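Remarks on the overall topology
What follows is each chain in one-letter form.
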Amino acid sequence: MFDYSARPELLKDRVILVTGAGRGIGAAAAKTYAAHGATVLLLGKTEANLTQVYDEIEAAGYPQPVVIPFNLETALPHQYDELAAMIETEFGHLDGLLHNASIIGPRTPLEQLSGENFMRVMHINVNAMFMLTSTLLPLLKLSQDASVIFTSSSVGRKGRAYWGAYGVSKFATEGLMQTLADEVDTVAPVRSNSINPGATRTSMRAQAYPGENPANNPAPEAIMPVYLYLMGPDSTGINGQAFNAQ
């Protein structure tokens, strides 16, 4: 496991947007960031899940989060602009962006993968992630120390059979992370890195490995050290790197 111990006020006064914040790793990250002082913007498509995370953060006495229902599959360009405008009006800037939301799609040979399924996975995992990044980058540049974290996978670093569009989308994720990192390097107070969570006890993992015993994998909360390290000031200057949570 990534070895890092965060001080309690690590993210005090920071404004951080987490996608896919309603469950799994996204929910764990949102609660962890809030516990370390951040105001967390909870973005996801299922409002009931986001509200549950909101309630848990508020009940714990952490900074009040914001629920942002947003469907990455259907969102139009003007909706991204409206999201950015809302954040600018409410907070003036953005200190962190965790790209966590993605779908796995069919695990099948490429030969049997429909174009529709391929394009759906690429749209949610890559196109929407690009739209969010490009739209929110001006707000990130207004921060004194901003971090963008992309969620990768081992199959996005070495291609493996039957991982279909998901594997391809994670290669694209690494490419987007590296391109952004090179563009902001030394010219903006923004850093860009990726995390491969590894085998974690989530519904997506269960979908990918139905025969596996989930209890053998760590809970999302257990892999949070690297998420804290990259989102906080201790990683200032770290840019364009691919990290493993485990």
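Just above sits the structure.
Scope of this entry: the structure provided in the associated data block. (Residues numbered from 1 in each chain as written. Predicted model: local features only at pLDDT ≥ 70, side-chain atom pairs only at ≥ 80, totals over all residues. Heavy atoms only, no water.)

Considerations on the overall build of the chain
The line we're drawing: Per the convention used, a helix needs a DSSP run of H or I reaching at least four residues, while a strand needs a run of E reaching at least two, with both numbered from the N terminus. Each radius of gyration is computed over the set of C-alpha atoms, and the globule rule expresses the reference value as 2.2 Å times the number of residues to the power 0.38. Burial classification: accessible surface area is computed with a 1.4 Å probe over protein chains only, and a residue below 20% of its type maximum counts as buried, one above 50% as exposed, and the rest as partly exposed. A contact between two residues is defined here by any heavy atoms of the two lying within 4.5 Å. Accessible surface area values rest on a Shrake-Rupley calculation with a 1.4 Å probe, where residue burial reflects the displayed protein chains alone.
A tally of helices and strands in the chain yields 7 helices and 7 strands. Reading the chain from its N terminus to its C terminus gives the helix and strand order β-α-β-α-β-α-β-α-β-α-β-α-α-β. Computed over C-alpha atoms, the radius of gyration of the chain comes to 17 Å, within 12% of the 18 Å expected from 2.2 N^0.38 for 246 residues, which places it in the range of a compact globule. In the chain, which comprises 246 residues, the share counted as buried stands at 50%. The contacts of the chain with a sequence gap of at least 6 include a subset with a gap of at least 24, amounting to 74%. Of the roughly 11200 Å² of accessible surface on the chain, a fraction of 51% belongs to carbon and sulfur atoms.

Quick notes on the nonpolar core
Our working rule: What makes a nonpolar core is a set of buried Ala, Val, Leu, Ile, Met, Phe, Trp, Tyr and Cys residues whose side-chain atoms join them at distances within 4.5 Å.
Core analysis: the largest hydrophobic core is formed by 33 residues, its most contacted members being L11, Y33, V40, L42, L98 and Y227. Elements with a minimum of two residues in this core: β1 (15-19), α1 (24-35), β2 (39-44), α2 (47-59) and α7 (224-231). When residues no more than four places from it in sequence are discounted, the contact partners of L11 are I16, Y33, H36, G37, A38, L228, M231 and G232. Within the second largest apolar cluster, 30 residues are counted, among which are L139, M177, L180 and V184.

Comments concerning the side chain of H99
Filter applied, for reference: Whenever a nitrogen or oxygen atom comes within 3.5 Å of another N or O atom, the pair is scored as a polar contact, on the condition that within protein one atom can donate a hydrogen and the other can accept it, and that pairs from neighbouring residues in sequence are kept only if both atoms are in side chains.
Relative to the elements of secondary structure, H99 occurs in strand β4 (residues 96-99). Side-chain polar atoms of H99 contact the side chain of T133, separated by 2.7 Å. Not counting chain neighbours up to four residues away, the residues in contact with H99 comprise T19, M129, L132, T133, V148, I149, F150 and T151.

Some thoughts on the sheet that holds β4
As a reminder of what qualifies: Two strands pair if DSSP finds at least two bridges between them. Whenever a helix is involved, its axis is fitted only over the stretch in contact; in every case the axis is a line through C-alpha atoms, and angles between N-to-C directions fall within 0 to 180 degrees.
Pairing is parallel across the open sheet formed by 7 strands, whose spatial order is β3-β2-β1-β4-β5-β6-β7. Lying at the two open borders of the sheet, with one neighbouring strand each, are β3 (66-69) and β7 (242-244). When strand polarity is set aside, the average angle formed by the axes of neighbouring strands in this sheet is 20°. As judged from the 5 bridges shared by β1 and β2, these two strands associate in the parallel manner. Across the sheet, residue L17 finds its bridge partner in β2, namely L41. Taken strand by strand, α7 contacts β1, β4, β5 (146-151), β6 (190-196) and β7, and its axis lies near 170° from that of β6.

Section: the pairing of β2
Regular strands have side chains that alternate between both faces of the sheet. This is how it is decided: By convention a crossover is right-handed if, when the strands point away from the viewer, the path from the first strand over the helix to the second runs clockwise.
The buried fraction of β2 is high, at 6 of 6 residues. Neither face of β2 is left uncovered, since the one carrying T39, L41 and L43 and the one carrying V40, L42 and G44 both have all their residues buried. A crossover links β1 with its parallel partner β2, the connecting element being α1, and its sense is right-handed. Bridge count for β2 against β3 is 4 bridges, and the pairing is parallel. Bridge assignment links G44 to a residue of β3, and that residue is P69.

Observations regarding the packing of aromatic side chains
We count it as follows: Two aromatic rings, drawn from Phe, Tyr or Trp (for Trp, its six-membered ring), form a pair once their centres lie within 6.5 Å of each other, and the interplanar angle then sorts them: stacked below 30 degrees, edge-to-face above 60, tilted otherwise. We call a charge positioned over a ring when the NZ of a Lys or the CZ of an Arg lies within 6 Å of the ring centre and within 35 degrees of the ring normal.
Here the structure, examined in full by the defined rule, presents 6 aromatic pairs. Taking 6.0 Å as the distance between ring centres and 70° as the angle between the ring planes, the aromatic pair formed by F2 and F243 counts as edge-to-face. Of this pair, F2 sits in the segment before β1 while F243 sits in strand β7, placing them 241 residues apart in sequence. Residue F2 is classed as partly exposed on the basis of its relative accessible area, which comes to 22%. What links up through ring pairs into an aromatic cluster is the set F2, Y4, Y229 and F243. In this structure, R107 packs its charged tip against the face of W163, placed 4.0 Å from the ring centre.

A short note on the packing of helix α3 (residues 77-91) against helix α4 (residues 115-141)
Selection rule: Crossing chirality is assigned from the near helix's rotation relative to the far helix, an anticlockwise turn below a right angle marking it left-handed and a clockwise turn marking it right-handed. Asp, Glu, Lys and Arg are counted as charged, while Ala, Val, Leu, Ile, Met, Phe, Trp, Tyr, Cys and Pro are counted as nonpolar; the rest, among them Gly, fall into the polar class.
With their axes 10 Å apart at the nearest point, α3 and α4 run at an angle of 35° to one another. Two packed elements cross with a definite hand, and for α3 against α4 that hand is right-handed. The residues of α4 that touch α3, namely those facing P77, Y80, D81, L83, A84, I87 and E88, are A128, M131, L132, T135, L136 and L139. Counted by class, the contact of α3 with α4 contains 10 nonpolar, 1 polar and 2 charged residues.

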